[in-house]
Each structure stands twice: as C-alpha cells, then as structure tokens.
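Observations on the three-dimensional arrangement
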Amino acid sequence: MTVSQDAAVQETITPDGRTIGGVLMEMRNITLRFGGVVAIEDISFDIRQGEIRAIIGPNGAGKSSMLNVINGFYHPQDGEVWYKGAIRGPMRPHQIAAQGIARTFQNIALFHGMSTLDNIMTGRLTHMKTGMLSQSVWFGRAQREETENRAFAERIIDFLEIQSIRKTPVGRLPYGLQKRVELGRALAAEPSLLLLDEPMAGMNVEEKEDMSRFILDVNDEFGTTIALIEHDMGVVMDLADRVVVMDYGRKIGDGSPEEVRNNKAVIDAYLGVSSD
Amino acid sequence: MLYREAGDFKVSYQADQQTFPIRFDRLFFWALLASAYFVVPFFINDYWANAVLLPFLIYGVASIGLNILTGYCGQVSLGSGGFMAVGAYTCYKMMTAFPDLNLAFCILAGGVTTAIVGIMFGLPSLRIKGFYLAVVTLAAQFFLVWMFNKVPWFYNYSATGMISSPERTMFGYAITGPNATPAATYLFCLTFLVVLAFLGRNLTRGSVGRKWMAIRDMDIAAEIIGVNPLMAKITAFGVSSFYVGVAGAMIFSVYLGAVEVTEAFGIQKSFLLLFMIIIGGLGSILGSLVGAAFMVLMPVLLKNIMVNSFGWAIDIAAHFEFIIIGGLIVFFLIVEPHGLAQLWRIIKEKMRLWPFPH
C-alpha cells in the first residue's frame with residue numbers, strides 16, 4: 001500500500017485543538033447511474049484522518065447514495081474510491097466493513113429481535129474470529145473471546161449512557177434511544193471511518209444536543225473520522241470541520257462551514273434564485 | 001427460596017452469559033438431567049418409551065434443527081421431512097454396507113450427508129426469500145421422497161420398498177432391532193438430545209448465532225455490519241440439516257425400526273416440525289423442546305382421556321383429537337404468537353417484581 005505522499009504535509013490543527021491528518025478516503029470523479037437517472041455525477045472530494053466531514057444538500061441530492069457508494073452497497077459506474085492510500089476494487093459491503101467502515105442508517109436498521117447488548121455485540125462481529133467448532137463447544141476459546149468483546153461492548157454502553165436498557169429488546173425502546181443504540185452498534189466495530197446518515201432526524205432539541213455531544217466525543221476520544229449527512233444547518237455548522245454541498249447529484253460547494261455559508265451557488269440551491 | 005430473578009447479581013461477564021442465569025433454574029435443570037439419566041431408566045416400559053419419550057427426544061433434536069434455520073436465521077423450510085429421509089437412508093446404507101460400524105457413527109453420517117444436501121438446497125436462499133424460498137424447500141421435500149421411492153439402490157432392492165434396521169449394539173446393549181430394551185434406546189436418544197441441545201445452545205448464544213439473527217432481522221444492515229450473508233445462510237442450512245438428518249436417522253433406526261419413505265417422512269412431518277417450533281417459540285432452544293413435548297404429549301393425553309376415561313370409540317376420539325389439537329394451535333397463536341417460550345419469559349419478568357406490580 002502506498003500512503004498518500006502529501007499526508008504529512010497536510011497535517012493541520014483545528015481551532016479547537018484537534019489534529020487532522022492526511023487523506024483517509026478520497027472519491028475521484030464518482031458517477032452513479034440507475035438506468036437513465038443520474039444519482040451522482042462526477043463528484044470528487046476527500047475525507048481526512050480525524051475530521052468531521054458533513055455532506056449536505058436538499059432532498060434527493062444524492063447524499064445517501066454517496067454513503068452507499070462509500071460502504072460498497074452501490075457500485076459507481078465511473079470513478080475511483082481511494083481508501084487508506086490504495087485504490088479500492090469492487091468489494092461486497094461485508095468486506096468493506098472488515099476494512100473499518102461502519103455506518104448508521106437514515107431509517108433505523110437495528111435488529112429488532114435482539115437486545116441492546118446483542119445489537120452492540122453484533123457490531124463486534126468483524127473482531128470475532130473463532131470458528132463454528134470452538135463456538136459449539138463454547139468453553140475455552142469462544143467464551144474467552146465473547147468475554148473480551150463483551151468488555152469492549154460495555155465500554156460503548158457506558159460511553160453512550162445506555163446501561164439501564166442493556167437487556168431490553170430494541171423494538172421496545174423509544175426512537176431517540178434506538179438511534180443511540182444504532183450509533184453504539186457502529187462504534188462497537190472500532191471503525192476508522194464512521195458514516196452517519198441523518199443521525200438527528202426526527203429528534204427534539206435535547207436529543208439533538210445529546211447526539212451532537214456523542215458525535216464530538218467519539219471524534220475526540222476514539223479519534224474516529226466521521227462523515228455525516230444532516231439537514232439541521234445549525235448542527236452541521238457547529239460540528240463539521242469541512243462541508244460538501246450537493247444538489248441534483250453534483251457538487252456545488254466544498255470547504256469550511258464559513259466558506260460554504262457564503263457560497264453563492266449554495267445559497268441559491270437552498271433559498272432559490274430570485275427571478276429579477 | 002422463592003423463585004425470582006431480583007437480587008441475583010452477577011459480578012463477571014461469564015456469570016452473566018450463563019444459559020440459566022437464575023440459581024433456581026440451574027438447580028432445577030441439573031436435577032432434571034440427573035433424574036432423566038438415573039431414575040427414568042429404571043421405571044421405563046415399552047408404552048412410555050414408544051408413545052412418549054422416544055418421539056419427544058427425537059423430535060426435540062429435529063425441532064432444534066429447524067429452529068436454528070427458521071427461528072434464528074429466518075429462512076422458512078418446508079423440506080424437513082425430506083431431509084429426515086436423507087438422514088434415515090444414509091444411516092440405512094451405512095448400517096447395511098458396513099455391519100461392523102458403530103450405530104452412533106452411522107447416525108452421525110446421516111447427519112453429515114443431510115447437511116450437504118441441505119446446503120445444496122439452501123444455496124438459492126441467497127437470491128430468494130420468504131415464501132419463494134419455502135416453495136424451493138417444498139420442492140426439495142417432494143423430490144427427495146420421490147427419489148427414495150424410485151431409486152431401488154437406496155432400499156437395497158428390497159421387494160417391499162421399505163428399509164428396516166438390523167440389530168446393532170452399543171456397549172453390549174441392543175439399541176436397534178427386536179431385542180432392544182426401552183431403557184437402552186431411551187438412554188441412547190437422550191444422550192443425542194442432550195449433546196445436540198448443548199451444542200445448539202452454544203452456537204446460538206455466540207457470534208455465529210448473532211450472525212444468523214442479524215440476517216433474520218435485517219439482512220441489508222447485517223451485511224453492512226460485516227456479516228457475509230452467503231456464509232451465514234449456508235452455515236444455518238448446514239447445521240439445521242445436520243440436526244434434522246440425525247433425527248431422521250434415529251426415527252428410522254431406533255424408534256420405528258422399519259420405514260416406508262412416503263409414510264414416515266412425508267410433507268406432514270415437515271408441517272409437524274413447523275408446528276412444534278411455532279408453538280414452542282421461534283428463536284429459542286427451550287421453545288423447540290417445549291414445542292416438541294407439546295405436539296408429542298397432547299395427542300397421547302387426549303387419546304387417554306377420551307378413550308380410557310370417557311370410553312369413546314377410538315375412531316371418534318381420533319377425529320376429536322385433530323379438532324382439539326388444531327383448535328389449541330390457533331388458540332396459542334392468538335394468545336401468544338411468540339410461543340410457549342415467550343410465555344415463560346413473561347412469567348419470569350412478572351416474578352421478578354412479584355408481589356409488587358411496579
């Protein structure tokens with residue numbers, strides 16, 4: 001693997017004192033079509049180590065499609081995906097998960113028949129290697145592995161403050177907590193890159209504040225790189241280091257929140273263009 | 001001591017992962033197991049072995065198998081009868097081709113062959129789901145039964161088309177054939193059930209079981225989290241068919257002794273197993289056993305009440321039996337769609353706080 005040569009050069013310190021490293025993931029000229037519909041057209045951007053990168057845009061702009069390209073659920077017709085300094089060939093989503101990309105979903109996609117703990121333990125699956133035989137005997141390797149991973153899952157549970165619902169089936173939890181459990185499941189994989197698809201959709205102000213705090217803490221404590229889609233502009237402007245703006249499948253803006261806010265094309269896309 | 005969960009605190013993750021986290025449950029389980037091994041064999045007679053205990057033990061194995069596939073991994077199968085037949089005929093061919101081979105080995109070979117056949121029929125599950133998969137497994141059921149009827153090699157060219165098991169012994173005791181004692185066959189089947197239930201429980205509580213359940217609950221999310229859907233479904237089909245095949249081999253060799261494939265392993269067996277896991281509880285090893293017990297015991301109980309206590313004619317009692325069992329199934333599905341295991345869970349939750357409701 002060749003590490004991007006300008007990794008060291010680009011290292012920067014944010015105003016709040018976090019270090020942002022070299023390029024972790026780079027999308028080059030991605031085009032995604034469904035038949036005649038162009039969902040993403042020739043988009044390039046990069047995500048750097050340790051940053052919080054937001055993708056914003058009006059409904060139907062292709063943001064979720066972009067996340068689906070990143071975690072391998074869609075395969076773009078054109079363009080290259082570079083991850084950790086190497087070009088990524090065609091891979092199945094579960095192989096990409098093993099490379100350290102985890103995500104949450106716009107509509108919660110928890111495993112409803114399982115408890116909170118089991119859902120979070122499912123996030124650990126990429127770290128659990130014992131085979132079927134030692135699993136079936138249980139005592140010995142399988143139990144040891146289970147206990148080690150349980151300890152990690154409990155750290156996530158502590159971190160997200162969901163100790164009291166550890167054994168509750170997730171179907172019974174309120175919406176806000178389900179979102180939190182889903183974040184926990186993604187975190188349990190110890191991802192290098194965490195994709196959040198509208199983590200605050202449908203939440204009230206307190207829940208949004210909680211979730212924002214968790215996202216910042218994740219980035220801070222675990223050093224996880226985060227790419228998130230969000231519609232709440234206040235949240236985006238506060239959280240994100242850099243923002244990509246999409247509209248009708250094209251990129252219309254890219255830069256710090258300040259730059260994006262003052263970008264003419266972005267303002268037009270969000271507020272409309274005056275006719276006179 | 002009162003039976004309850006409250007106040008039973010765990011201080012290590014291992015203690016928290018036990019199969020029976022409640023102390024009373026644990027003691028009860030070991031007492032039950034001990035009496036099953038050391039008390040029942042001294043009192044068992046032909047009637048109890050053939051009408052109640054053997055069918056319960058063997059169907060218990062089969063319903064754990066089907067529950068792994070349908071309850072844990074969410075893949076509906078209507079081919080269990082056909083898969084049982086694969087186990088039975090493999091066992092028969094092994095017994096007749098290698099007369100010196102140990103019976104337990106023949107039965108396990110039946111399981112392994114069935115696992116391979118099950119994986120073959122499970123391969124389409126990657127592409128098709130739900131009802132459509134059920135139809136594929138239904139095709140497996142009819143195809144396998146047809147094959148065992150049509151190809152004489154499978155029944156060693158016998159004139160009747162039936163297969164019958166020769167006498168085989170374990171540790172000097174006859175297990176199959178006319179000289180087998182009820183105690184010996186009972187202990188043989190009990191050991192198979194205990195070992196397979198133990199293995200099944202371990203598989204379903206660890207990472208393999210979580211992969212299966214993730215596929216069942218939301219396959220797309222499971223794949224994005226790192227579950228290989230092909231491997232998860234294939235292993236579920238393999239393990240499940242292994243259990244079902246072992247059960248089929250035992251039905252043939254130990255329980256019935258001689259079988260005709262259409263009668264013993266027809267579509268009604270597939271439905272019987274499906275009833276067992278639905279009534280017992282999908283996604284629960286305990287539920288599989290409770291469901292098997294229910295479907296085996298209920299007809300015997302009803303027959304005893306109607307024929308022996310009320311003195312009704314046997315044919316009328318048989319008809320009533322169908323009606324009552326059917327009614328009970330509907331009743332249970334309405335009252336508790338998640339099965340008897342769920343009912344037990346709810347009772348336990350209530351007991352946690354009893355006698356204070358809040």
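Residues numbered from 1 in each chain as written. Chains lettered and ligands numbered in written order. Predicted model: local features only at pLDDT ≥ 70, side-chain atom pairs only at ≥ 80, totals over all residues.

**What to know about the nonpolar core**
Within the largest apolar cluster, 171 residues are counted, with the highest numbers of intra-cluster contacts made by Ile58(B), Ala88(B), Cys189(B), Tyr243(B), Val246(B), Ala247(B) and Met250(B). If you tally residues by element for this core, the top one is helix H11 (residues 229-256) of chain B, at 16 residues. Each of domain 1 (1-100 + 191-276) and domain 2 (115-185) of chain A contributes no fewer than three residues to this core. Look past the residues within four positions of Val246(B) in its chain and what remains in contact with it is Val61(B), Gly87(B), Ile107(B), Leu108(B), Gly110(B), Gly111(B), Phe192(B) and Leu196(B). (Core = buried A, V, L, I, M, F, W, Y, C linked by C-beta atoms within 7 Å. Buried ≥ 20, exposed ≤ 12 C-beta atoms within 10 Å, placed from the backbone. Helix = DSSP H or I, 4+ residues; strand = E, 2+ residues; numbered from the N terminus. Domains from an automatic or database assignment. Contact = placed C-beta atoms within 7 Å.)

**With respect to helix H2 (residues 23-38) of chain B**
In this model, H2(B) (16 residues) spans 22 Å end to end at C-alpha, consistent with the 22 Å of a helix rising 1.5 Å per residue. Burial runs low along H2(B): only zero of the 16 residues are buried. (Expected span 1.5 Å × (residues − 1).)

**Notes on the interface of chain B and chain A**
If you look at the interface, chain B gives 25 residues, while chain A gives 33 residues. Of all the secondary structure elements, the ones that give two or more residues to the side of chain B that touches chain A are helix H1 (13-16), helix H8 (182-205), helix H9 (207-217) and helix H10 (219-225) of chain B. The element that contributes the greatest number of residues to the side of chain B that touches chain A is H9(B), accounting for eight residues. Partitioned by chemical class, the residues of the side of chain B that touches chain A number 11 nonpolar, nine polar and five charged. (Nonpolar A, V, L, I, M, F, W, Y, C, P; charged D, E, K, R; others polar.)

**Describing the packing of helix H3 (residues 116-123) of chain A against helix H5 (residues 141-160) of chain A**
Residues and elements named next belong to chain A. Put simply, H3 and H5 touch, their axes get as near as 10 Å, and they point 115 degrees apart. Viewed along their axes, H3 and H5 adopt a mutual orientation that is roughly perpendicular. The interaxial crossing formed by H3 with H5 has right-handed handedness. For the pair H3 and H5, contact is made by Leu 117, Ile 120 and Met 121 and by Asn 149, Arg 150, Ala 153, Ile 156 and Ile 157, respectively. For the contact of H3 with H5, the class distribution of residues is six nonpolar, one polar and one charged. (Axes fitted to C-alpha atoms, helices over the stretch in contact; angles between N-to-C directions. Parallel < 35°, antiparallel > 145°, perpendicular 65-115°, else oblique. Left-handed = near helix turned anticlockwise from the far one by under 90°.)

**Some points on the domain arrangement of chain A**
As a measure of interface size, the accessible area lost when the parts come together is often cited. Residue and element names in this part refer to chain A. Domain annotation of chain A identifies domain 1 (1-100 + 191-276) and domain 2 (115-185). A C-alpha centroid distance of 28 Å is found between domain 1 and domain 2. The interface is formed by eight residues belonging to domain 1 together with six residues belonging to domain 2. Among the elements of the structure, helix H2 (93-98) and helix H7 (205-222) are those that each provide at least two residues to the side of domain 1 that touches domain 2. Within the side of domain 1 that touches domain 2, the residues separate by chemical class into six nonpolar, one polar and one charged.

**Regarding the pairing of strand S5 (residues 52-56) of chain A**
All names here are of chain A. Within S5, five of the five residues are buried, which leaves the element mostly enclosed by the surrounding structure. Of the two faces of S5, the one lined by Ile 52, Ala 54 and Ile 56 and the one lined by Arg 53 and Ile 55 are each fully buried. In this structure, S5 lies alongside strand S10 (residues 225-229), joined through four bridges in parallel fashion. Following the sheet pairing, Ile 52 is matched in S10 by Ile 226. Summarising the sheet, S5 and strand S11 (residues 242-247) pair through four bridges and their orientation is parallel. (Pairing = 2+ DSSP bridges.)

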